[in-house]
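Breakdown of the fold
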Amino acid sequence: MTRQIVSVVGGKDAASTGTYASINPARTSEIVAQVGLADAGTFADACRTAKDAQREWAKVPAPVRGRVIASIGRLVEANAESLARLVTREIGKPYAEALGEVREIVDTCDFFLGEGRRLYGQTVPSEMPDKNLFTFRNPVGVAAVITAGNFPVAVPSWYLVPALLCGNAVVWKPAEYAAASAHALYQIFVAAGLPDGVLDIVFADGAQTFEGLERALTEGTVQKIGFTGSSEVGSKIGELAGRHLQAPCLELGGKNPMVIMPDAELDLAVEGALFSGFGTAGQRCTSLGTVIVHESVHREFTERFARAVQQAEIGDPEQDVLAGPLLDQKFADRYEDYLTWIQPHHQVISGPVGRITADSPRRDFTGAGGLYYHPVVVDGVKASDRLFLEETFGPIVGVTTFASLDEAIELANLPGYGLSSSIYTTDPKHAFRFREGISAGMVSVNNSTSGAEAHLPFGGNGKSGNGSRQSGMWVLDQFTRWQSMNWDHSGRLQKAQMDVADI
Ligand code: UN1
(Lines give C-alpha, C1' and ligand atoms only; values in the text may rest on other atoms or scores of the structure.)
Protein backbone atom coordinates (compact mmCIF):
# COMPACT_ATOMS: atom_id res chain seq x y z
CA MET A 1 0.00 0.00 0.00
CA THR A 2 1.37 3.40 -0.98
CA ARG A 3 0.70 6.16 1.51
CA GLN A 4 -0.04 9.70 0.34
CA ILE A 5 1.42 12.22 2.73
CA VAL A 6 1.80 15.99 2.85
CA SER A 7 3.10 18.61 5.28
CA VAL A 8 0.81 19.57 8.16
CA VAL A 9 0.87 23.14 9.48
CA GLY A 10 -1.41 24.33 12.28
CA GLY A 11 -3.29 21.03 12.11
CA LYS A 12 -4.12 21.42 8.40
CA ASP A 13 -2.65 19.84 5.30
CA ALA A 14 -0.33 22.30 3.58
CA ALA A 15 0.09 22.87 -0.15
CA SER A 16 2.71 20.92 -2.09
CA THR A 17 4.70 22.19 -5.03
CA GLY A 18 6.44 18.91 -5.89
CA THR A 19 6.45 15.21 -5.08
CA TYR A 20 8.93 12.62 -3.89
CA ALA A 21 8.53 8.84 -3.94
CA SER A 22 9.86 7.17 -0.81
CA ILE A 23 10.84 3.64 -1.81
CA ASN A 24 11.49 0.41 0.05
CA PRO A 25 15.27 -0.10 -0.32
CA ALA A 26 14.81 -3.87 0.00
CA ARG A 27 12.47 -3.86 -3.04
CA THR A 28 13.11 -0.70 -4.97
CA SER A 29 10.06 -1.21 -7.16
CA GLU A 30 7.82 -0.72 -4.11
CA ILE A 31 6.80 2.84 -3.32
CA VAL A 32 6.13 3.23 0.41
CA ALA A 33 4.84 6.79 0.19
CA GLN A 34 4.18 9.55 -2.28
CA VAL A 35 5.31 12.62 -0.43
CA GLY A 36 4.09 16.11 -1.27
CA LEU A 37 7.00 18.54 -1.03
CA ALA A 38 6.41 22.06 0.23
CA ASP A 39 8.37 25.18 -0.68
CA ALA A 40 10.29 27.75 1.34
CA GLY A 41 7.15 29.86 1.80
CA THR A 42 5.34 27.00 3.52
CA PHE A 43 8.33 26.39 5.76
CA ALA A 44 8.35 30.05 6.80
CA ASP A 45 4.52 29.96 7.30
CA ALA A 46 4.90 26.93 9.52
CA CYS A 47 7.39 28.81 11.70
CA ARG A 48 4.94 31.74 12.04
CA THR A 49 2.10 29.37 12.92
CA ALA A 50 4.32 27.61 15.44
CA LYS A 51 5.26 30.95 17.01
CA ASP A 52 1.59 31.76 17.67
CA ALA A 53 0.89 28.29 19.03
CA GLN A 54 3.98 28.41 21.23
CA ARG A 55 2.76 31.42 23.20
CA GLU A 56 -0.22 29.40 24.46
CA TRP A 57 1.71 26.15 24.88
CA ALA A 58 4.27 27.89 27.13
CA LYS A 59 1.39 28.86 29.46
CA VAL A 60 0.44 25.21 29.98
CA PRO A 61 2.03 24.21 33.31
CA ALA A 62 5.15 22.10 32.79
CA PRO A 63 3.74 19.10 34.76
CA VAL A 64 0.76 19.08 32.38
CA ARG A 65 3.11 19.18 29.40
CA GLY A 66 4.87 16.27 31.08
CA ARG A 67 1.61 14.35 31.03
CA VAL A 68 1.33 14.88 27.29
CA ILE A 69 4.86 13.46 26.97
CA ALA A 70 3.72 10.48 29.08
CA SER A 71 0.79 9.94 26.67
CA ILE A 72 3.14 10.10 23.70
CA GLY A 73 5.28 7.38 25.30
CA ARG A 74 2.25 5.17 25.93
CA LEU A 75 0.93 5.66 22.40
CA VAL A 76 4.32 4.89 20.88
CA GLU A 77 4.48 1.74 22.99
CA ALA A 78 1.00 0.69 21.89
CA ASN A 79 1.96 1.22 18.23
CA ALA A 80 5.54 -0.06 18.53
CA GLU A 81 5.22 -3.00 16.17
CA SER A 82 3.45 -1.19 13.36
CA LEU A 83 5.83 1.77 13.61
CA ALA A 84 8.88 -0.53 13.60
CA ARG A 85 7.49 -2.44 10.62
CA LEU A 86 7.08 0.81 8.73
CA VAL A 87 10.65 1.87 9.58
CA THR A 88 11.93 -1.48 8.30
CA ARG A 89 9.91 -1.17 5.13
CA GLU A 90 10.93 2.39 4.42
CA ILE A 91 14.64 2.43 5.28
CA GLY A 92 15.57 -1.27 5.33
CA LYS A 93 16.68 -1.36 8.97
CA PRO A 94 16.39 -4.90 10.41
CA TYR A 95 13.14 -5.27 12.32
CA ALA A 96 14.84 -5.99 15.69
CA GLU A 97 16.81 -2.75 15.35
CA ALA A 98 13.73 -0.83 14.26
CA LEU A 99 11.92 -2.08 17.35
CA GLY A 100 14.92 -0.96 19.43
CA GLU A 101 14.69 2.43 17.81
CA VAL A 102 11.01 2.70 18.76
CA ARG A 103 11.96 1.59 22.29
CA GLU A 104 14.36 4.55 22.40
CA ILE A 105 11.45 6.97 21.90
CA VAL A 106 9.63 5.40 24.84
CA ASP A 107 12.83 5.66 26.93
CA THR A 108 13.12 9.33 26.01
CA CYS A 109 9.50 9.98 27.00
CA ASP A 110 10.01 8.07 30.27
CA PHE A 111 12.98 10.26 31.06
CA PHE A 112 11.33 13.59 30.27
CA LEU A 113 7.81 13.08 31.57
CA GLY A 114 9.15 13.54 35.10
CA GLU A 115 11.16 16.58 34.06
CA GLY A 116 7.82 18.37 33.72
CA ARG A 117 7.65 18.25 37.52
CA ARG A 118 11.25 19.40 37.90
CA LEU A 119 12.58 21.90 35.35
CA TYR A 120 14.30 23.27 38.41
CA GLY A 121 15.42 26.82 38.85
CA GLN A 122 17.50 27.91 41.81
CA THR A 123 17.42 30.25 44.77
CA VAL A 124 20.81 31.89 45.16
CA PRO A 125 22.24 33.88 48.09
CA SER A 126 22.64 37.62 47.52
CA GLU A 127 25.58 39.87 48.39
CA MET A 128 23.14 42.10 50.20
CA PRO A 129 20.57 41.69 52.98
CA ASP A 130 16.86 41.60 52.24
CA LYS A 131 17.39 40.66 48.65
CA ASN A 132 16.54 37.37 46.95
CA LEU A 133 18.05 35.92 43.82
CA PHE A 134 16.42 33.29 41.61
CA THR A 135 17.01 31.51 38.31
CA PHE A 136 14.36 30.21 35.93
CA ARG A 137 14.43 28.11 32.77
CA ASN A 138 12.37 29.72 29.99
CA PRO A 139 11.44 28.05 26.70
CA VAL A 140 13.44 29.35 23.75
CA GLY A 141 10.40 29.73 21.44
CA VAL A 142 10.24 27.82 18.16
CA ALA A 143 12.71 25.08 17.29
CA ALA A 144 13.26 24.14 13.66
CA VAL A 145 14.32 20.49 13.71
CA ILE A 146 15.90 18.95 10.62
CA THR A 147 16.66 15.26 10.81
CA ALA A 148 18.32 12.45 8.84
CA GLY A 149 16.55 9.24 7.86
CA ASN A 150 18.84 6.56 9.33
CA PHE A 151 17.09 6.92 12.69
CA PRO A 152 13.81 8.27 11.34
CA VAL A 153 11.90 8.19 14.62
CA ALA A 154 14.29 7.89 17.60
CA VAL A 155 16.71 10.72 16.81
CA PRO A 156 13.91 13.22 16.01
CA SER A 157 12.36 12.34 19.37
CA TRP A 158 15.57 13.39 21.10
CA TYR A 159 14.73 16.91 19.94
CA LEU A 160 10.94 16.84 19.86
CA VAL A 161 10.30 15.43 23.32
CA PRO A 162 12.49 17.79 25.39
CA ALA A 163 11.69 20.79 23.18
CA LEU A 164 7.93 20.31 23.66
CA LEU A 165 8.28 19.49 27.34
CA CYS A 166 10.15 22.76 27.89
CA GLY A 167 7.27 24.76 26.34
CA ASN A 168 8.59 25.25 22.82
CA ALA A 169 6.84 24.66 19.52
CA VAL A 170 8.61 22.62 16.84
CA VAL A 171 8.65 22.74 13.05
CA TRP A 172 10.05 19.38 12.02
CA LYS A 173 11.59 18.73 8.58
CA PRO A 174 12.39 15.01 8.27
CA ALA A 175 14.46 13.38 5.52
CA GLU A 176 12.29 12.73 2.45
CA TYR A 177 13.41 9.10 2.13
CA ALA A 178 12.06 8.42 5.63
CA ALA A 179 8.94 10.58 5.30
CA ALA A 180 6.33 7.89 5.97
CA SER A 181 7.97 6.84 9.25
CA ALA A 182 8.25 10.48 10.29
CA HIS A 183 4.63 11.18 9.40
CA ALA A 184 3.45 8.17 11.42
CA LEU A 185 5.39 9.42 14.43
CA TYR A 186 4.01 12.93 13.94
CA GLN A 187 0.47 11.52 14.03
CA ILE A 188 1.19 9.75 17.31
CA PHE A 189 2.58 12.93 18.89
CA VAL A 190 -0.46 14.91 17.82
CA ALA A 191 -2.92 12.22 18.94
CA ALA A 192 -1.39 12.38 22.42
CA GLY A 193 -2.93 15.83 22.89
CA LEU A 194 -0.66 18.50 21.43
CA PRO A 195 -2.66 21.59 20.42
CA ASP A 196 -2.65 22.46 16.69
CA GLY A 197 0.48 24.21 15.52
CA VAL A 198 2.66 23.23 18.47
CA LEU A 199 4.22 20.54 16.32
CA ASP A 200 4.23 21.07 12.56
CA ILE A 201 5.76 18.76 9.98
CA VAL A 202 7.12 20.06 6.68
CA PHE A 203 8.44 17.89 3.87
CA ALA A 204 10.74 19.86 1.60
CA ASP A 205 13.99 19.43 -0.28
CA GLY A 206 17.26 20.79 1.05
CA ALA A 207 17.28 24.02 -0.95
CA GLN A 208 13.69 25.00 -0.05
CA THR A 209 14.28 24.12 3.59
CA PHE A 210 17.38 26.26 3.73
CA GLU A 211 15.61 29.19 2.11
CA GLY A 212 12.57 28.78 4.38
CA LEU A 213 14.81 28.64 7.42
CA GLU A 214 16.63 31.77 6.36
CA ARG A 215 13.31 33.61 6.00
CA ALA A 216 12.12 32.38 9.38
CA LEU A 217 15.35 33.48 11.05
CA THR A 218 15.05 36.90 9.44
CA GLU A 219 11.41 37.19 10.55
CA GLY A 220 12.42 36.13 14.06
CA THR A 221 10.11 33.12 14.19
CA VAL A 222 12.81 30.50 14.90
CA GLN A 223 14.94 30.66 18.02
CA LYS A 224 16.71 27.30 17.87
CA ILE A 225 17.82 24.98 15.11
CA GLY A 226 18.35 21.29 15.77
CA PHE A 227 20.10 19.47 12.96
CA THR A 228 21.21 15.86 12.52
CA GLY A 229 23.00 15.07 9.29
CA SER A 230 26.28 15.45 7.45
CA SER A 231 29.13 17.66 8.64
CA GLU A 232 28.99 19.49 5.33
CA VAL A 233 25.35 20.55 5.68
CA GLY A 234 25.86 21.10 9.42
CA SER A 235 28.52 23.65 8.71
CA LYS A 236 26.16 25.54 6.35
CA ILE A 237 23.44 25.49 9.00
CA GLY A 238 25.96 26.70 11.57
CA GLU A 239 26.96 29.58 9.32
CA LEU A 240 23.34 30.59 8.74
CA ALA A 241 22.51 30.36 12.45
CA GLY A 242 25.64 32.33 13.33
CA ARG A 243 24.58 35.20 11.06
CA HIS A 244 21.43 35.40 13.18
CA LEU A 245 23.41 35.10 16.43
CA GLN A 246 22.06 31.67 17.18
CA ALA A 247 23.86 28.60 18.45
CA PRO A 248 22.30 25.54 16.80
CA CYS A 249 22.28 22.04 18.22
CA LEU A 250 24.31 20.07 15.66
CA GLU A 251 24.67 16.30 15.56
CA LEU A 252 26.89 15.52 12.60
CA GLY A 253 29.04 12.77 11.16
CA GLY A 254 31.67 10.59 12.71
CA LYS A 255 34.80 8.67 11.77
CA ASN A 256 34.61 6.59 14.87
CA PRO A 257 37.76 4.69 15.85
CA MET A 258 38.07 1.39 17.71
CA VAL A 259 41.44 0.77 19.37
CA ILE A 260 42.36 -2.84 20.11
CA MET A 261 45.08 -3.28 22.72
CA PRO A 262 47.30 -6.37 22.88
CA ASP A 263 45.56 -7.35 26.15
CA ALA A 264 42.06 -7.20 24.59
CA GLU A 265 39.73 -10.18 24.51
CA LEU A 266 39.88 -10.64 20.77
CA ASP A 267 36.62 -12.52 20.29
CA LEU A 268 34.77 -9.75 22.07
CA ALA A 269 36.59 -7.15 19.96
CA VAL A 270 35.66 -8.97 16.75
CA GLU A 271 32.02 -9.09 17.79
CA GLY A 272 32.12 -5.40 18.71
CA ALA A 273 33.79 -4.42 15.42
CA LEU A 274 31.27 -6.47 13.43
CA PHE A 275 28.26 -4.82 15.04
CA SER A 276 29.76 -1.32 15.09
CA GLY A 277 30.96 -1.50 11.50
CA PHE A 278 28.17 -3.36 9.77
CA GLY A 279 25.09 -3.16 11.99
CA THR A 280 22.60 -0.77 10.32
CA ALA A 281 24.81 -1.38 7.21
CA GLY A 282 27.37 1.02 8.70
CA GLN A 283 24.88 3.87 8.43
CA ARG A 284 24.87 5.26 11.93
CA CYS A 285 26.71 8.42 12.77
CA THR A 286 28.24 6.26 15.49
CA SER A 287 29.28 3.43 13.13
CA LEU A 288 32.85 2.21 13.25
CA GLY A 289 35.18 3.88 10.73
CA THR A 290 38.65 2.51 11.44
CA VAL A 291 39.95 -0.33 13.61
CA ILE A 292 43.29 0.71 15.08
CA VAL A 293 44.82 -2.54 16.22
CA HIS A 294 48.10 -3.19 18.04
CA GLU A 295 50.66 -4.64 15.65
CA SER A 296 51.19 -7.72 17.85
CA VAL A 297 47.54 -8.84 17.46
CA HIS A 298 46.88 -7.40 14.03
CA ARG A 299 47.14 -10.64 12.14
CA GLU A 300 45.03 -12.66 14.51
CA PHE A 301 42.39 -9.95 14.74
CA THR A 302 42.08 -9.39 11.00
CA GLU A 303 41.79 -13.12 10.28
CA ARG A 304 39.01 -13.54 12.80
CA PHE A 305 37.32 -10.29 11.75
CA ALA A 306 37.37 -11.20 8.05
CA ARG A 307 35.84 -14.60 8.86
CA ALA A 308 33.11 -13.03 10.99
CA VAL A 309 32.28 -10.53 8.25
CA GLN A 310 32.11 -13.25 5.62
CA GLN A 311 29.70 -15.23 7.78
CA ALA A 312 27.49 -12.25 8.67
CA GLU A 313 23.91 -12.40 7.51
CA ILE A 314 23.10 -9.51 5.20
CA GLY A 315 19.65 -9.72 3.74
CA ASP A 316 15.92 -9.20 4.06
CA PRO A 317 15.52 -6.75 6.96
CA GLU A 318 12.28 -8.43 7.98
CA GLN A 319 14.37 -11.49 8.92
CA ASP A 320 16.94 -11.95 11.67
CA VAL A 321 19.95 -10.38 9.92
CA LEU A 322 22.92 -8.23 10.90
CA ALA A 323 22.10 -5.69 8.22
CA GLY A 324 19.66 -5.04 5.43
CA PRO A 325 20.10 -2.86 2.34
CA LEU A 326 21.49 0.68 2.25
CA LEU A 327 19.02 3.42 3.09
CA ASP A 328 18.61 5.02 -0.26
CA GLN A 329 20.17 5.27 -3.72
CA LYS A 330 22.31 8.26 -2.81
CA PHE A 331 24.08 6.24 -0.10
CA ALA A 332 24.50 3.34 -2.50
CA ASP A 333 26.17 5.70 -5.01
CA ARG A 334 28.49 6.91 -2.30
CA TYR A 335 29.45 3.34 -1.34
CA GLU A 336 30.21 2.48 -4.95
CA ASP A 337 32.30 5.61 -5.29
CA TYR A 338 34.42 4.61 -2.29
CA LEU A 339 34.75 1.09 -3.59
CA THR A 340 36.01 2.30 -6.94
CA TRP A 341 38.65 4.29 -5.13
CA ILE A 342 39.59 1.49 -2.72
CA GLN A 343 40.14 -1.27 -5.25
CA PRO A 344 43.44 -0.19 -6.79
CA HIS A 345 44.79 1.20 -3.52
CA HIS A 346 44.26 -1.44 -0.91
CA GLN A 347 44.05 -4.95 0.20
CA VAL A 348 40.39 -5.75 0.65
CA ILE A 349 40.42 -8.60 3.13
CA SER A 350 36.74 -9.23 3.19
CA GLY A 351 34.23 -8.07 0.69
CA PRO A 352 33.61 -8.11 -3.01
CA VAL A 353 37.08 -9.23 -4.09
CA GLY A 354 37.15 -12.91 -4.97
CA ARG A 355 33.44 -13.29 -4.51
CA ILE A 356 31.98 -10.83 -6.89
CA THR A 357 33.56 -8.45 -9.36
CA ALA A 358 34.65 -5.14 -8.02
CA ASP A 359 32.48 -3.14 -10.34
CA SER A 360 29.42 -5.11 -9.39
CA PRO A 361 29.37 -5.19 -5.61
CA ARG A 362 25.62 -5.44 -5.25
CA ARG A 363 23.97 -8.60 -3.99
CA ASP A 364 20.37 -8.75 -4.99
CA PHE A 365 18.69 -11.14 -2.59
CA THR A 366 15.11 -10.59 -3.50
CA GLY A 367 15.32 -10.28 -7.24
CA ALA A 368 13.46 -7.00 -6.85
CA GLY A 369 16.47 -4.70 -7.01
CA GLY A 370 17.21 -4.26 -3.30
CA LEU A 371 20.08 -1.92 -2.43
CA TYR A 372 22.12 -4.71 -0.84
CA TYR A 373 25.89 -4.38 -0.70
CA HIS A 374 28.78 -6.42 0.58
CA PRO A 375 30.39 -5.39 3.82
CA VAL A 376 33.99 -4.45 3.07
CA VAL A 377 37.05 -4.58 5.33
CA VAL A 378 40.13 -2.83 4.05
CA ASP A 379 43.50 -3.56 5.64
CA GLY A 380 46.63 -1.41 5.56
CA VAL A 381 44.81 1.92 5.53
CA LYS A 382 47.24 4.83 5.87
CA ALA A 383 46.66 7.98 7.88
CA SER A 384 46.71 10.07 4.71
CA ASP A 385 44.06 7.95 2.91
CA ARG A 386 40.59 9.18 2.03
CA LEU A 387 39.28 6.08 3.73
CA PHE A 388 41.06 6.98 6.95
CA LEU A 389 39.93 10.59 6.97
CA GLU A 390 36.39 10.62 5.55
CA GLU A 391 33.12 9.31 6.90
CA THR A 392 31.86 6.73 4.36
CA PHE A 393 28.42 6.26 5.96
CA GLY A 394 28.26 2.75 4.59
CA PRO A 395 29.48 -0.81 5.25
CA ILE A 396 33.21 -0.14 4.83
CA VAL A 397 35.69 -0.52 7.70
CA GLY A 398 39.39 0.30 7.51
CA VAL A 399 42.13 -1.37 9.55
CA THR A 400 45.45 0.12 10.57
CA THR A 401 48.10 -0.70 13.19
CA PHE A 402 49.86 1.06 16.04
CA ALA A 403 52.80 0.44 18.33
CA SER A 404 51.98 2.52 21.45
CA LEU A 405 48.74 3.75 23.03
CA ASP A 406 49.81 7.37 22.49
CA GLU A 407 50.20 6.66 18.80
CA ALA A 408 46.77 4.96 18.74
CA ILE A 409 45.16 8.01 20.36
CA GLU A 410 46.85 10.33 17.88
CA LEU A 411 45.60 8.22 14.97
CA ALA A 412 42.11 8.04 16.47
CA ASN A 413 41.90 11.85 16.68
CA LEU A 414 43.49 12.54 13.32
CA PRO A 415 40.38 12.67 11.07
CA GLY A 416 39.11 15.63 13.11
CA TYR A 417 35.71 14.17 13.97
CA GLY A 418 34.85 13.52 17.58
CA LEU A 419 31.58 11.69 18.04
CA SER A 420 32.09 8.16 19.33
CA SER A 421 35.06 5.92 20.03
CA SER A 422 35.89 2.58 21.56
CA ILE A 423 38.82 0.77 23.15
CA TYR A 424 39.11 -2.95 23.81
CA THR A 425 41.41 -3.64 26.74
CA THR A 426 41.46 -5.53 30.02
CA ASP A 427 43.60 -2.87 31.69
CA PRO A 428 41.71 0.05 33.28
CA LYS A 429 44.83 2.25 32.97
CA HIS A 430 44.62 2.00 29.19
CA ALA A 431 40.90 2.73 29.23
CA PHE A 432 41.30 5.89 31.30
CA ARG A 433 44.28 7.13 29.32
CA PHE A 434 42.28 6.64 26.14
CA ARG A 435 39.31 8.51 27.60
CA GLU A 436 41.50 11.46 28.51
CA GLY A 437 43.23 11.65 25.15
CA ILE A 438 40.36 11.02 22.76
CA SER A 439 38.51 14.02 21.35
CA ALA A 440 35.20 12.12 21.06
CA GLY A 441 32.10 13.05 23.02
CA MET A 442 31.43 9.36 23.68
CA VAL A 443 33.83 6.61 24.73
CA SER A 444 33.06 2.89 24.96
CA VAL A 445 35.27 0.41 26.78
CA ASN A 446 34.89 -3.16 25.54
CA ASN A 447 31.75 -2.22 23.66
CA SER A 448 30.53 -1.06 20.28
CA THR A 449 31.08 2.52 19.06
CA SER A 450 27.33 2.64 18.40
CA GLY A 451 24.37 2.10 20.67
CA ALA A 452 24.42 4.96 23.16
CA GLU A 453 21.73 4.86 25.86
CA ALA A 454 19.02 7.49 25.64
CA HIS A 455 19.71 9.25 28.96
CA LEU A 456 23.42 9.97 28.50
CA PRO A 457 24.70 13.11 26.75
CA PHE A 458 24.91 12.38 23.03
CA GLY A 459 27.00 14.54 20.77
CA GLY A 460 30.37 15.34 19.34
CA ASN A 461 33.18 17.79 18.85
CA GLY A 462 35.13 19.00 15.84
CA LYS A 463 33.55 17.89 12.56
CA SER A 464 30.98 15.89 14.56
CA GLY A 465 29.28 18.95 16.02
CA ASN A 466 29.67 22.20 17.88
CA GLY A 467 29.84 20.68 21.34
CA SER A 468 26.07 20.72 21.85
CA ARG A 469 24.64 17.65 23.54
CA GLN A 470 21.38 15.85 23.06
CA SER A 471 19.61 13.39 25.31
CA GLY A 472 19.36 13.26 29.06
CA MET A 473 19.15 16.38 31.18
CA TRP A 474 21.95 18.08 29.20
CA VAL A 475 19.59 18.78 26.31
CA LEU A 476 17.49 21.05 28.55
CA ASP A 477 20.14 23.71 28.02
CA GLN A 478 19.37 23.57 24.29
CA PHE A 479 15.65 24.12 24.68
CA THR A 480 15.54 26.55 27.59
CA ARG A 481 17.31 29.79 28.35
CA TRP A 482 18.32 30.69 31.84
CA GLN A 483 16.79 33.85 33.26
CA SER A 484 17.87 35.39 36.55
CA MET A 485 15.70 37.54 38.81
CA ASN A 486 16.66 39.66 41.79
CA TRP A 487 14.05 40.89 44.23
CA ASP A 488 14.98 43.55 46.72
CA HIS A 489 12.64 43.92 49.70
CA SER A 490 14.94 46.16 51.78
CA GLY A 491 12.93 49.26 50.95
CA ARG A 492 16.04 51.12 49.69
CA LEU A 493 18.22 51.09 46.59
CA GLN A 494 21.00 48.57 47.28
CA LYS A 495 23.70 48.73 44.63
CA ALA A 496 25.47 45.51 43.71
CA GLN A 497 29.25 45.64 44.20
CA MET A 498 28.98 49.13 45.74
CA ASP A 499 26.84 48.61 48.84
CA VAL A 500 28.35 45.32 49.98
CA ALA A 501 29.19 45.45 53.69
CA ASP A 502 32.81 44.76 54.65
CA ILE A 503 33.43 42.08 57.21
C1 UN1 B 1 22.68 8.55 14.54
O2 UN1 B 1 23.08 7.70 13.75
O3 UN1 B 1 22.44 9.73 14.17
O4 UN1 B 1 24.10 5.51 19.58
C5 UN1 B 1 22.35 8.28 15.96
C6 UN1 B 1 23.58 5.03 18.57
C7 UN1 B 1 22.12 5.29 18.34
C8 UN1 B 1 21.92 6.64 17.74
C9 UN1 B 1 22.66 6.90 16.46
N10 UN1 B 1 21.41 5.21 19.60
O11 UN1 B 1 24.19 4.35 17.77
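Each value, and the rule that gives it
Numbering of residues begins from 1 in every chain and follows the order in which that chain's sequence is written. Owing to the predicted nature of the model, reporting of local features is limited to residues with pLDDT of at least 70; listing and counting of side-chain atom pairs is limited to 80 or more, with chain, interface and lining totals taken over all residues. UniProt positions are given in the numbering used here, feature names are shortened, and annotations may be inferred rather than shown by experiment. For every residue, the other C-beta atoms within 10 Å of its own C-beta are counted; 20 or more classify it as buried, 12 or fewer as exposed, and values in between as partly exposed. C-beta atoms are placed from the backbone. For helices the rule is a DSSP run of H or I covering at least 4 residues; for strands it is a run of E covering at least 2, with both sets numbered from the N terminus onward. The rule for pairing is simple: two strands pair if DSSP sees at least two bridges between them. Clockwise travel from the first strand over the helix to the second, with the strands pointing away from the viewer, marks a crossover as right-handed. Lines are fitted to the C-alpha atoms to define the axes, a helix being fitted only along its stretch in contact, and any angle between axes, read from their N-to-C directions, falls within 0 to 180 degrees. Orientation categories follow fixed angle ranges, with anything under 35 degrees roughly parallel, anything over 145 roughly antiparallel, 65 to 115 roughly perpendicular, and all other angles oblique. Here a crossing is taken to be left-handed if its near helix is turned anticlockwise relative to the far helix by less than a right angle, and right-handed if that turn runs clockwise. This entry defines residue contacts through backbone-placed C-beta atoms, with two residues in contact when those atoms are within 7 Å. Classification convention: Asp, Glu, Lys, Arg as charged; Ala, Val, Leu, Ile, Met, Phe, Trp, Tyr, Cys, Pro as nonpolar; all other residues, Gly among them, as polar.

An unreviewed UniProt entry annotates the protein as aldehyde dehydrogenase (NAD(+)) originating from Nonomuraea glycinis. In UniProt, the protein has this text filed under Sequence similarities (unreviewed entry): "Belongs to the aldehyde dehydrogenase family." Heading Subunit (unreviewed entry) of the UniProt record for the protein holds this comment: "Homotetramer."

**Observations concerning the pairing of strand β9 (residues 169-173)**
Residues in a regular strand project their side chains so that they alternate between the two faces of the sheet. Of all the five residues making up β9, five are buried; the element is thus mostly covered by neighbouring parts of the structure. Burial along β9 is two-sided: Ala169, Val171 and Lys173 facing one way and Val170 and Trp172 facing the other are all buried. For strand β8 (residues 142-146) and β9, the ladder comprises five bridges, and the chain directions are parallel. Its bridge partner being in β9, valine 145 is matched across the sheet by tryptophan 172. Where β9 lies against strand β10 (residues 199-201), three bridges are found, and the strand directions are parallel. Of the residues in β10, the one forming a bridge with valine 171 is aspartate 200. In the classification by handedness, the crossover that spans β9, the intervening helix α6 (residues 179-191) and the parallel β10 is right-handed.

**Re the packing of helix α2 (residues 62-78) against helix α4 (residues 95-113)**
Across the interface, α2 lies against α4 with an axial gap of 8 Å and an inter-helix angle of 160 degrees. Taken together, α2 and α4 sit at an angle that is classed as roughly antiparallel. For α2 against α4, the interelement crossing comes out left-handed. Contact with α2, carried on its side by Gly66, Ile69, Ala70, Ile72, Gly73, Val76 and Glu77, involves Val102, Ile105, Val106, Cys109, Asp110, Phe112 and Leu113 of α4 and no other residues of that element. When grouped by side-chain class, the residues that make up the contact of α2 with α4 number ten nonpolar, two polar and two charged.

**Focus on the pairing of strand β14 (residues 288-294)**
In terms of residue burial, β14 counts as a mostly covered element, since seven of its seven residues are buried. On the question of chirality, the crossover connecting strand β13 (residues 256-260) to the parallel β14 by way of helix α9 (residues 266-278) is right-handed. As paired strands, β14 and strand β17 (residues 396-402) are joined by five bridges and run parallel to one another. Directly across from valine 293, in β17, lies its bridge partner threonine 401.

**Things to note about the UniProt feature "active site" (unreviewed entry) in the protein**
Those places that UniProt annotates as "active site" (unreviewed entry) correspond, in this numbering, to Glu251. Among the residues examined, glutamate 251 registers 29 C-beta atoms within 10 Å and is labelled buried. For glutamate 251, the residues in contact, after removing those within four places along its chain, are Thr228, Cys285, Gly459, Gly465 and Gln470.

**Section: the sheet that holds strand β5 (residues 27-37)**
Overall, mixed pairing links the three strands, which are arranged β1-β5-β4 in an open sheet. The open sheet has two edge strands with one neighbour each: β1 (3-5) and β4 (18-24). Strand-to-strand twist of the sheet, defined as the mean angle between neighbouring strand axes without regard to direction, takes the value 30 degrees. Here β4 pairs with β5 via seven bridges, running antiparallel. Across the sheet, the residue bridging to asparagine 24 is arginine 27, located in β5.

**Side note on unusual backbone geometry**
A positive phi angle, near 55 degrees, is found at aspartate 130, a position not held by glycine. Among the secondary structure elements, aspartate 130 is positioned in the loop between β6 (122-124) and β7 (131-139). Residue aspartate 130 is classed as exposed on the basis of its C-beta count, with 12 C-beta atoms lying within 10 Å. A positive phi angle, close to 70 degrees, is found at serine 471, a residue other than glycine. Inspection of the secondary structure assignment puts serine 471 in the loop between β19 (442-445) and α15 (476-479). For serine 471, a count of 25 C-beta atoms within 10 Å gives the class buried.

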